[in-house]
Amino acid sequence: MQAHGVSLTRHPHPTDPSEPRTAERLRRVVSALLLLFVMISPSASAEEITIGLIPEQNVFEQMKRYEPIGRYIQEKTGIKVKFSILSRYGNIVESFSKDEMDGAFWGSFTGALAIENLGIEPLVRPLWLDETSSYRGYIFTRRDSGIRNVSDMKGRSIVFVDKATTAGYIFPMAFLGEHGVTDVNSFFKEHYFAGSHDAAVTAVLNKKVDIGCAKNTIFHHLIRRDPKIEDQLFILAHSQEFPSNALGVRPDLKPEIKTKLRDALLNMDHVPEGRDVLEGFEAIRFLATTREDYAPVFHAAANAGIDLKNYEYRNK
Amino acid sequence: MRRKIVISVLALFILSSLGAAAASWYVSVATNQLQNLVNLHEIEGLRQNLVISLQEVQVDVHTTHTSMARNLDGIIASVRKLDQAAAECSNCHHRPEIEVKLNKVNDLLGDYKIALSHYITASANKQRIDAIEQEAEIIGHQILVHTEGMSMSASEKLDMMTGEAITKINRVRIILFITVLFTMTLCIVVTASLVKSLTRPVERLVGATEIIASGDLSYRIEDVVDPEFQKLAEHFNTMSTTLQESYAQLEDSNAELQSQINEREELQAQLLHGQKMEAIGTLASAISHEFGNSIQIIQSCADLLGMKGNLQGTEHPELGMISDAAHRAADLSRRLLTFGSKSETQLEPTDLNGLVQRVEAILRTTISRTIDIQSTFQDQLPAVNVDPSQIELSIVNLALNAKDAMPDGGLLRIETAQVDATDVLPVRSVPALPGAWIRLSVSDNGEGMDPATVARIFDPFFTTKGLGVGTGLGLAVVYDIVKNFGGRIHCQSTLGSGTTFQIFLPALPEGSLKIEKEQKSSKLEVRSNETLLLVDDEADMVEVMGVALREQGYIVHTANSGEKAVEVFEEHGREIQVVILDIGMPGMGGQVCLEKLLTLDPKVKVIMSSAYGSQGRQNALMQLGASGFLVKPYRLADMLKEINAVSAAG
């Protein structure tokens, strides 16, 4: 993957004092008109960055959830933020370069992949309403499924989120491996990838599949919307904590833009309009984040026998 | 009227306002209905947007996992449009049942997004993918079915509401038409009523004014209901009353003025008549004087002829005829004198009944027996203040006039009666003074006179008798006498029925009559051989009378003036026993001469002689010292008798 520079539009206006006076005047007039045109053109001086989103939940909900943050950044920094959502977790690594993205809210595993493969620089991550800035992976089933342990899972169907998710694939695969399951194809009657955490939860809830995997933040987010989930689903296992989805930008992004983005998000809870956006995002504030915060992911990947450099993250 | 106008305008305003309010309400209702229709159409548009958006998304469902699949951002944009379309539908105001349906669509839409997202993000075997796809499709289909159902329901509702709106619009049209029609009708009725209310009083006022103008000032406007016109009618009635009172005062003033004019005209007529009478009297007096002297000469000559020839009247009837002619001439002369007021008037309280009785006795001897004289007297008749001789003359004149009117005989009635002032016939509309009046009526049943003759009956020298028969002075004298006594005379005559003269005289209070004295009668003896002085400016008179007296044995001196008489008396005064002195002479008059003679001889006997033989004058001369009086023309015998009487008085 190759990093791409930020494309900024500029309009230099050189002048030559040696030109005749009349021509000089004419040029001044033209220059003034051009300057006026440039000034009134909305895109002339605005910087725009593209931020990628992973289908952590329903793509439509995911887009709706992040858009207020984009508007807030533009309002505070003047930098226009365009969100682009992906249909696959893993696609973000290749799409990041292909679609000339400047940054993305990475999942913990995709973040680790991007750090490892693209040299992405983490900036901030949210501190959730429960004062945490991390999440856990859940393996769950319906209470009426009769499944209470790994052995009960045999011959049943399971839905993962994506091969590039920590909670939706790395953790369950590690958990299953720890419990002696080495080949999911033969152990389960069926396994597939829902693509998003909420789709996995909904599929289990709606009896489309027997066992599901998802991150706890989405799981509890859905419970707040639909209390049936808590009543009807049963959590079989949960993982250790992994860092929350964090904003990471390409390493060659202009330092001032990085600074503006980081400052705007870190200070968001200091102003009322920022707190309103944070409340809708179900977060208290943003925390500064570095590569070190991804240590548990690297550790989990290692436990799962995953080589991040060569990991085949496409669902099959 | 003001209240009526205010109420009418208020009623119109209220009605118009109600009409406008009703129209506005209906227009508002119709507009709302139309707005609802528009909204329904818009809602249908929204639903169509929703369906189109859904169909776009459904296309994505079908193309996802194929080579024709759009990128996810495009799908998200389509779903966002779908969300917006649904939000627009939800944001509209709906009835509860529509709200339920919309909520159902929204729920389905939520499920659809979840299923769609699941389908987009899922990686599984074909069977699982197909199942996820089918799930999304089914939800999408359900949304379409629901929106189609809502659309049909809305369409039905739309049709129903369109029908209702058209019905309400038609109703609004009818109500507006009725309101305008009713308001216009009421306007016409109110205007007509107001015009009538305004013009009716004016017409009554004009009618009343015309009645007043026609002269009926007693007309009043009554039975007025309208307060404003009542005030006007009161003012009009007040004006009419004032006008009527002023007119009455004007009429009174006019009557008074007319009365004054009549009185003045009467006075003027009297004055004119008086002046005329005075002029005639003066003329008559002069004529009478000359006439008297001439008659005196004629009479004296006749007497002298009789004495000289010792002639008897039966043997020489010519002498009698001369004497009769002289007597009539003397009578005419006296009348002329009376008419000329030259004779003195002696007023005294007089019993009119007694006077009439004396005249009646004379008339019975002088008037033809073919005329029956009847007298009617009222007892206890009050006296009147008159000169009896003039009243006697008046009665005689009226009686002679009556006699002439009855050439073939008839009835002459003389009546006296006491009457009130109201019974006194007015003269030229001037009523008589209040008090008791005596009426003396002389009437005949003779030929009577026409009104034109009656109108001139009292004019001097007016006569209907033939030339030489009437003098035209009789009734003029009567008129003059009566007027002099403050009385009135009235003539009423009808041709063929007779004539009545009524003399009204003011009555005196009771007890005014004097007891008539018995007059002493003295026997006079004719004494001859006495010396007389005969004084008269008429030479013929002196000559005739001198001859006659000398024939009787008297010694007669004569003088033709007062101055001459004085000279003669100074010369023969001692011889002269009696002086016969004419009063009216040029130069020294008879009266001055008397005084001179009395100065020369206070015992001188002077018999005054004059054609003006009024009693007052006689008395005055007697007081001066005259011894007797002879009224010309006199008979020689009368003169001898007077000379003897004076001489005998010695």
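Nothing here was measured: the structure is a model prediction, and the numbers come from that model.

Calculation criteria
- Residues numbered from 1 in each chain as written.
- Chains lettered and ligands numbered in written order.
- Predicted model: local features only at pLDDT ≥ 70, side-chain atom pairs only at ≥ 80, totals over all residues.
- Helix = DSSP H or I, 4+ residues; strand = E, 2+ residues; numbered from the N terminus.
- Contact = placed C-beta atoms within 7 Å.
- Buried ≥ 20, exposed ≤ 12 C-beta atoms within 10 Å, placed from the backbone.
- Nonpolar A, V, L, I, M, F, W, Y, C, P; charged D, E, K, R; others polar.
- Axes fitted to C-alpha atoms, helices over the stretch in contact; angles between N-to-C directions.
- Parallel < 35°, antiparallel > 145°, perpendicular 65-115°, else oblique.
- Pairing = 2+ DSSP bridges.
- pLDDT = per-residue confidence, 0-100.
- Arc of directions from axis to C-beta.
- Core = buried A, V, L, I, M, F, W, Y, C linked by C-beta atoms within 7 Å.
- Left-handed = near helix turned anticlockwise from the far one by under 90°.

1. Some remarks on the overall build of chain B
And then number 1: Within chain B, the regular secondary structure consists of 15 helices and 12 strands.
And then number 2: Relative to all contacts within chain B whose residues are 6 or more apart in sequence, the contacts with residues 24 or more apart total 74%.

2. What about the overall build of chain A?
And then number 1: Each helix and strand in chain A was counted, giving 13 helices and 13 strands.
And then number 2: Classification of the 316 residues of chain A by burial places 45% in the buried group.

3. Description of the interface of chain B and chain A
Often the size quoted for an interface is simply the accessible area lost on bringing the parts together.
And then number 1: Counting residues at the interface gives 15 residues for chain B, matched by 17 residues for chain A.
And then number 2: Contributions of two or more residues to the side of chain B that touches chain A are made by helix 2 (72-91) and helix 3 (96-121) of chain B.
And then number 3: At six residues, the largest contribution of residues to the side of chain B that touches chain A is made by helix 3 of chain B.
And then number 4: Each residue belonging to the side of chain B that touches chain A can be placed in one class, and the counts come to seven nonpolar, five polar and three charged.

4. Section: the packing of helix 4 (residues 108-117) of chain A against helix 13 (residues 295-303) of chain A
Residue and element names in this part refer to chain A.
And then number 1: Where helix 4 contacts helix 13, the axes come no closer than 9 Å and their chain directions differ by 90°. Taken together, the axes of helix 4 and helix 13 lie roughly perpendicular to each other. In this structure, helix 4 uses Ser108, Phe109 and Ala112 to contact helix 13, whose residues at the interface are Val297, Phe298 and Ala301.
And then number 2: A class-by-class count of the residues in the contact of helix 4 with helix 13 yields five nonpolar, one polar and no charged.

5. Considering helix 4 of chain A
All names here are of chain A.
And then number 1: Extensive coverage of helix 4 is indicated by the burial of seven of its 10 residues.
And then number 2: Looking only at helix 4, the buried set comprises Ser108, Phe109, Thr110, Gly111, Ala112, Leu113 and Ala114.
And then number 3: Gly119 sits one or two positions beyond helix 4 and adopts a positive phi of about 70°.

6. Structural notes on the sheet that holds strand 7 (residues 498-506) of chain B
Residues and elements named next belong to chain B.
And then number 1: Here five strands make up an open sheet; going across it, the order is 2-4-5-7-6 and the pairing mixed. Strands with a single pairing partner mark the edges of an open sheet, and in this sheet they are strand 2 (371-376) and strand 6 (488-494). Going from strand to strand, the sheet's axes swing by 15° on average, the running direction of each strand aside.
And then number 2: In the packing of helix 8 (residues 388-405) onto the sheet, the strands contacted are strand 2, strand 4 (410-420), strand 5 (436-444) and strand 7, and the crossing angle to strand 5 comes to about 30°.

7. Concerning the confidence of the model for chain B
Residues and elements named next belong to chain B.
And then number 1: The predicted model of chain B averages 80 in pLDDT, with 87% of residues at 70 or higher.
And then number 2: Here residues 515-526 is a poorly scored stretch, pLDDT under 50, and it has eight contacts once near neighbours within four places are set aside; other chains count.
And then number 3: Across the interfaces of the predicted complex, the ipTM metric reaches 0.73, alongside a pTM of 0.45.

8. Observations regarding helix 13 (residues 590-600) of chain B
The α-helix advances 3.6 residues per turn, and as a result positions three or four apart in sequence lie on the same side.
And then number 1: For helix 13 of chain B, the full list of buried residues reads Gly590, Gln591, Cys593, Leu594 and Leu597 of chain B. Taken around the axis of helix 13 of chain B, the buried residues stretch over an arc of 155°, which confines them to a single face.

9. With respect to the nonpolar core
And then number 1: The biggest cluster of nonpolar side chains holds 113 residues, and the ones touching the most others in it are Val159, Ile170, Ala200, Val201, Val204, Cys213 and Ala214 of chain A.
And then number 2: The dominant element in this core, judged by the number of residues it contributes, is helix 3 of chain B, at nine residues.
And then number 3: Apart from residues lying up to four places away in sequence, Ala200 of chain A is in contact with Val159, Val161, Gly168, Ala194, Gly212, Cys213 and Ala214 of chain A.

10. Looking at the sheet that holds strand 11 (residues 605-610) of chain B
Residue and element names in this part refer to chain B.
And then number 1: If you walk across this open sheet you meet the five strands as 9-8-10-11-12, and the pairing is parallel. Both outer strands of the open sheet, strand 9 (555-559) and strand 12 (628-631), are each paired with one neighbouring strand and no more. Recorded for the sheet is a direction-independent mean angle of 20° between the axes of neighbouring strands.
And then number 2: Its contacts with the sheet put helix 15 (residues 636-649) on strand 8 (531-535), strand 10 (576-582), strand 11 and strand 12, and the angle it makes with strand 12 is roughly 175°.

11. Describing unusual backbone geometry
And then number 1: Located in the positive-phi region is Glu131 of chain A, a residue other than glycine, with phi close to 65°.
And then number 2: The class for Glu131 of chain A is exposed, based on 7 C-beta atoms found within 10 Å.

12. Looking at the packing of helix 3 of chain B against helix 4 (residues 126-213) of chain B
Helices that pack against each other are described as a pair by the angle of their axes relative to one another and the distance between those axes.
All names here are of chain B.
And then number 1: Between helix 3 and helix 4, the shortest axis-to-axis distance is 9 Å and the interhelical angle comes to 160°. By the angle between their axes, helix 3 is roughly antiparallel relative to helix 4. Of the two elements, helix 3 crosses helix 4, and the hand of that crossing is left-handed. Contacts from Lys101, Lys104, Val105, Leu108, Leu109, Asp111, Tyr112, Ala115, Leu116, His118 and Tyr119 of helix 3 reach helix 4 at Ile132, Glu133, Glu135, Ala136, Ile139, Gly140, Gln142, Ile143, His146, Thr147 and Met150.
And then number 2: Across the contact of helix 3 with helix 4, the residue classes tally to 12 nonpolar, five polar and five charged.

13. Points about the pairing of strand 3 (residues 103-106) of chain A
All names here are of chain A.
And then number 1: Where burial is concerned, the two faces of strand 3 agree: the one with Gly103 and Phe105 and the one with Ala104 and Trp106 are both buried.
And then number 2: When strand 1 (residues 47-53) meets strand 3, the two strands line up parallel, connected through three bridges. In the sheet register, Leu53 faces strand 3, and the bridge partner there is Phe105.
And then number 3: As defined by bridge partners, strand 3 adjoins strand 12 (residues 246-249) across four bridges and the pair is classed as antiparallel. Along strand 12, the bridge assignment pairs Ala104 with Gly248.

14. Details of the environment of Ser389 of chain B
Residue and element names in this part refer to chain B.
And then number 1: Along the polypeptide, Ser389 turns up in helix 8.
And then number 2: On the basis of neighbour count, Ser389 is assigned to the partly exposed category, with 15 C-beta atoms found within 10 Å.
And then number 3: In this structure, the C-alpha to C-alpha distance between Ser389 and Leu347, residues 42 residues apart in sequence, is 9.9 Å.

15. A word on the confidence of the model for chain A
All names here are of chain A.
And then number 1: Here chain A averages 83 in pLDDT, while 85% of its residues score no lower than 70.
And then number 2: Averaged pLDDT values for the elements of chain A fall to 52 in helix 1 (residues 21-40) and rise to 96 in strand 6 (residues 137-142).
And then number 3: This model gives residues 1-20 a pLDDT under 50, and the stretch forms 22 contacts once residues within four places in sequence are excluded.

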